[in-house]
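Single-letter residue listing:
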Amino acid sequence: MTAPLLEVEDLRVRFPLAEGTVEAVRGISFTLGRERLGIVGESGSGKSQTGRAILGLTAKPGEVTASRLVFDGIELMTASPQVRRSLRGSRMTMVMQDPRYSLNPVMTVGQQIIESYRAHAPVSHREAKRAALAMLEDVRITAPDRVMALYPHELSGGMGQRVMIAMMLITGPELLIADEPTSALDVTVRGEVLRILDQLVAERGMGLILISHDLEMVASFCDRVLVMYAGKIVEELASGALGAARHPYTRGLIGCLPKLAGDSHPLPVLTRDPAWAR
Amino acid sequence: MAGTSSSLAAWLTTAEPQSRAQARLGHAWQGFRRLSRNPTAMAGLAIVVLLIFVAVFAPLLATHSPIASGDLRTERLLPPGPVFWLGTDDQARDIYSRLLYGSRLTLAVVILVSVIATPIGLAIGTISGYFGGWIDRILMRITDIFLAFPRLVLALAFVAALGPGIENAIIAIAITAWPPYARLARAETLTIRNSDFIHAVRLQGGSSLRILLKHIVPLCLSSVTVRVTLDMAGIILTAAGLGFLGLGAQPPTPEWGTMIAQGRRFLMDQWWVAAVPGIAIFVVSLGFNLLGDGLRDALDPKAAR
Amino acid sequence: MTTAPPLLEASHLSVRFGVGRLTVAALDDVSFTLAPGESLGLVGESGSGKSTVLRAITGLAPLSGGHLMLDGVAVPTPRRMDFFTAVQMVFQDPYASLHPRHTVDQILAEPLAIHRIPDAEARIVAALKEVGLGPSYRFRYPHQLSGGQRQRIAIARALILRPRIVLLDEPTSALDASVQAEILNLLEELRRAFGLAYILVSHDLAVVAHLCERLIVLRQGRMVEETTAAALRDGSVKADYTQAMLAASKGFTRPAPADPAIAPARNI
C-alpha cells in the first residue's frame, strides 16, 4: 500500500465574526488515494470550506487549523505561502461551480489556458499552444483551434465547464477538487461533463474530490462518499451503496427526494436531531 | 440602569419583533451598531452633532452679540483673550459669537440644500431609470447639461441672475447639486427594476407610481444619502465661496465664508480673523466626509447581513 | 368532455426578443390548456423558453403572436386588476423575490393595499399560518429568514389574494433537498385546500412528476412533447429528447470498461 495522496486529520475552519466565532468545519479527518472521493452535504455543511481549506483558499477572516494536512509528503499547514502557491495550480487544483464566473471575460479561452500553463511550466508560447489544443481535444471539444479564439461569453455552459476542466488539468495536477462542477449545467450536459472528468481522472491516476449537494449523482460517480452535516462527517459510504446508509441524516436526505419510481405523497420530511451536530 | 439598557438592546436585536415599529427600530439600531464600530465615522458624527448642538443653543453659548459692533477704538481686531475668546474683527465684533451664529447658517444651507436637491435628484433618477426609453434620454440629457458646468460657476450665474443673498445662494446651490444624485438613483434603479421583487409587485397590479415610491426609492435612498453626506463638504464650501465672493450672505450676517472675506485684509497681522472661520469650515466639512464614509460602509446593502 | 371553457387556454403563443435581424424566438407556437385545480408541468433545459411561458402569461414578456384566454375570455394587454387576483406567481430565487428593506408584514400587506382589501391584519396572520409560519415571523426582515422560510413567505404573498392559478417558476431549485421536500409538501397541501391550479416550471423531472399530472416538454422555444407524469414514471415517453432527459436524470452511469485506459488506472 502506497502512501495516500492526501491526509487530513482534525481539519477545522473558523470564521471570527462580530457576533462570535462561526466554525464552518469542525474537525474532520479523511485520507484520499488516487481515487474519486465525494463530499456531500447541504448548504452550510462545510463541504465547500473543506475543499477551499485544502487548497489554502479560505476567505479572509477565516482561520484553518489541522493536526495533519499532508499532500504527497508535504505538510501544508507549515508550508510557506510560496510553496502552497506553487502547489496550487500545478499539482493541486480546483474546478468551480459556474464557468461564467471563473473565466476572465476579457481574455480568449486560448489565452487563458496558455497563460495558466506557462505560469507553472517553463515552456514556449508555441509549445503551450500545442498543449492547450491537445488538452481541449481531451475534453472532447471539436474544432479546438476555433474554440481557442472564443471569449467565455460565447461558450455554452457545458462547453465553458469543459474549458475550465482543460485549463485546470493542463498542468497535470495530481489532486483535483471539483466544487459542484455540474450543478450550473443542464441535465443532458451534466452526464457528458462527468464522463470527461471521470475518464481524465482515471487515465492520469489523479485523486479527485467531488463536492456536491446531489447525493445520487455523487454516489453513482465516486468510489467513496463522505456525508457532511454541520461541519462534521456523519457517515462514509461505499460507491453505489446508498441503500446501506445507516445515519438518520443520510437516510432522511435520500428519503426526502421526489422519485420517479416509487414516489410518496407527502414526501417524508427530514427532522433534524440536534445530537447529529454534536 | 445596566439592566434596563441590556433589556433595551435585547428588545432591539430580537429575532422576533412584535410590531412594525420594533422591527424598524431594530433595523436602525443594527445600522447604528455597524456605524459605531467605525471610529472615524463616530468622530464625523460627533462633529455633526456638535454643529447641530451649537446651532440650536447659539444664543445661550454666545458671549456677545454677533452683529452689533463693540467699541471701535478699543475692541477692534483684538487677539484671542479672556473677554473675546477668539478675538474680535475689524468691526469690534466677537468672533466666537459670530462663529456660533454662523453655524446656524451653515446648518440651514446644509439642510435646505439636501431637502431641495435630494428629492429632485431621486425623482429624476428613478423615473429615468424605471421607464427608460425617450423619458430616460430627455431627463439624462438635461442632467448632463447641468453636470457639464463647474458647480461654483453655475451657482455664480444663478446668484447673479437672482440677486445676492443667502436664500438665493441656497437655491442656486440646490439647483446645481441634484444632477449627481439623479445619476446615482438612475444607476441603482436600473439594477433593481428587473429584479423579481419588483416583478412581484407588478404581478399584484401595483401601479408604476407605487413601485417607484414604495419599492424603488427606499432602496436608492441609502446610496443617495451617503452621496449627499459626502457632498455636504462641497456644499458648505460652495456656500462659503459665494459668501467670500460677496454673492452669498450679506454683511453683517455672520456667515463663515463672508467672515473669511472680511478677514482676508488682515491676514498678515490679525490672522485669527480669517483663520477661525476657515478652521470651522474645514472641521465641519471633514466631519461630514468622515460620516459619509462610515455611512457608506454601514448602509451598503451588500455588506448588510 | 365538458362544455365549460378551460380555466386558462394558451394558443400558439410566441415571444420574440430583440429587434430587426437580431430577433430571437424565445417561444414559438406553444399551446396548452389548464383545467381548474389541475397541475401542469413545463419541462426543459436552459434556453427552452419554459420561464418565458410564465412571463408571457403574466404580461412581463410581451406576446408577439397567439392569444390567452382566462375563463374563456381573452386576456387584455396590459393586464387588468382582476387578472392579478386570478393569477399569481412564485419566483425561483427566494433571495431575489422579496424586497430586502421590507418586513414580512409589509411584503404581505402590499397586495392587500393594492387591491384595497379590508381586514389586512387578520389576513396576514392567516396567510402566515397557511404556509406553516407562526406570527413571530411577521415583523422579520428577509435577511433574518432561511431560504425555505423566504420561499414560504413568497408563497404566502402569492396566495393572499386567493388566486385560482399559481405560476411556479422553479420554486425549489435554489433550496436544499430537505427544504425542497417541505416546500413541495406545502404546495400539495395548499393546492388541495384551495383548489388551486398550478403551472410548474422545472428542469427536474422528478419534481414535475411529483407535483403535476400532465407535462409539456420544451426545447428551444418549441413544444417537443405533451405527456403525463405516469408516462414519465413508466418510461413510455415518446420523444427521443424526453428519453434522453429521463436517462440523464437517473444519475451517472459509467460506460462499460471496454476502454482499457479506464480499468487499470482504477487500481493505483
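If you're wondering where the values come from, they're calculated on a predicted model, not measured in any experiment.

Reading the values: the criteria
Residues numbered from 1 in each chain as written. Chains lettered and ligands numbered in written order. Predicted model: local features only at pLDDT ≥ 70, side-chain atom pairs only at ≥ 80, totals over all residues. Helix = DSSP H or I, 4+ residues; strand = E, 2+ residues; numbered from the N terminus. Expected span 1.5 Å × (residues − 1). Buried ≥ 20, exposed ≤ 12 C-beta atoms within 10 Å, placed from the backbone. Arc of directions from axis to C-beta. Contact = placed C-beta atoms within 7 Å. Pairing = 2+ DSSP bridges. Axes fitted to C-alpha atoms, helices over the stretch in contact; angles between N-to-C directions. Nonpolar A, V, L, I, M, F, W, Y, C, P; charged D, E, K, R; others polar. Core = buried A, V, L, I, M, F, W, Y, C linked by C-beta atoms within 7 Å.

Visitor: Explain helix α2 (residues 20-36) of chain B here, please?
Guide: Working note: α-helix, 3.6 residues per turn, so residues spaced by three or four point in the same direction. All names here are of chain B. Across its 17 residues, α2 extends 24 Å between first and last C-alpha, which sits within 8% of the 24 Å expected from 1.5 Å per residue. Taken as a whole, α2 has its buried residues at Ala23, Gly26 and Arg34. Seen from one end, α2 has its buried residues packed into an arc of 80°, which puts them on one side. In α2, the exposed positions angled more than 90 degrees off the buried face are occupied by Ala21 and Ala28.

Visitor: Can you walk me through the arrangement of the chains in this structure?
Guide: When the two pairs of chains in contact are compared, the highest contact count belongs to chains A and C. There is a clear gap between chain A and chain B: no contact, and 10 Å between their nearest C-alpha atoms.

Visitor: Hey, could you run me through the sheet that holds strand β3 (residues 39-43) of chain C in this one?
Guide: Picture the strands of a sheet paired through backbone hydrogen bonds; they go either parallel or antiparallel. Residues and elements named next belong to chain C. Strand order in the open sheet formed by six strands is β6-β7-β8-β3-β9-β10, and the pairing between neighbours is mixed. Edge positions in the sheet fall to β6 (87-90) and β10 (222-228), since each has one partner strand and no second. For this sheet the average axis-to-axis angle between neighbouring strands, irrespective of direction, equals 20°. Note that strand β7 (residues 165-169) and strand β8 (residues 197-202) share five bridges and pair parallel. The partner of Leu167 across the bridge, within β8, is Ile199. The strands touched by helix α5 (residues 147-159) within the sheet are β6 and β7, with β6 carrying the most contacts at an inclination of about 175°. Along the sheet, helix α9 (residues 240-248) contacts β9 (214-219) and β10; its crossing angle with β10, the most-contacted strand, is approximately 65°.

Visitor: Even after reading the chapter, I still don't get the interface of chain C and chain B, so can you show me in this structure?
Guide: Note: interface size is frequently given as the accessible area lost on complex formation between the parts. Across the boundary between the two partners, chain C contributes 27 residues, which contact 26 residues of chain B. Looking at the side of chain C that touches chain B, the elements with two or more residues in it are α2 (81-86), β6 and α3 (104-114) of chain C. Considering every element that reaches the side of chain C that touches chain B, the biggest residue donor is α3 of chain C, with four residues. Taken together, the residues of the side of chain C that touches chain B sort by class into twelve nonpolar, nine polar and six charged.

Visitor: What am I meant to see in the nonpolar core here?
Guide: Most often, soluble globular proteins keep nonpolar side chains buried together rather than apart. Counting 236 residues, the largest nonpolar core has Ala166 of chain A, Ile173 and Ile236 of chain B together with Ile199 of chain C as its most contacted members. Not counting residues up to four positions away in its chain, the partners in contact with Ala166 of chain A are Ile113, Met135, Leu136, Asp138 and Val139 of chain A.

Visitor: I'm lost on the sheet that holds strand β1 (residues 8-17) of chain C in this one. Help?
Guide: Residue and element names in this part refer to chain C. Taking strand neighbours across the sheet as the criterion, the four strands line up as β2-β1-β4-β5 in an open arrangement whose pairing is antiparallel. What marks the edges here is a single partner per strand, and that holds for β2 (24-34) and β5 (73-74). Two strands pair when backbone bridges link them, and β1 and strand β4 (residues 65-70) are joined in this way by five bridges, in the antiparallel orientation. In the strand pairing of β4, Ser11 is matched with His67. Relative to β2, helix α1 (residues 50-58) is tilted by about 70°, and along the sheet it contacts β1, β2 and β4.

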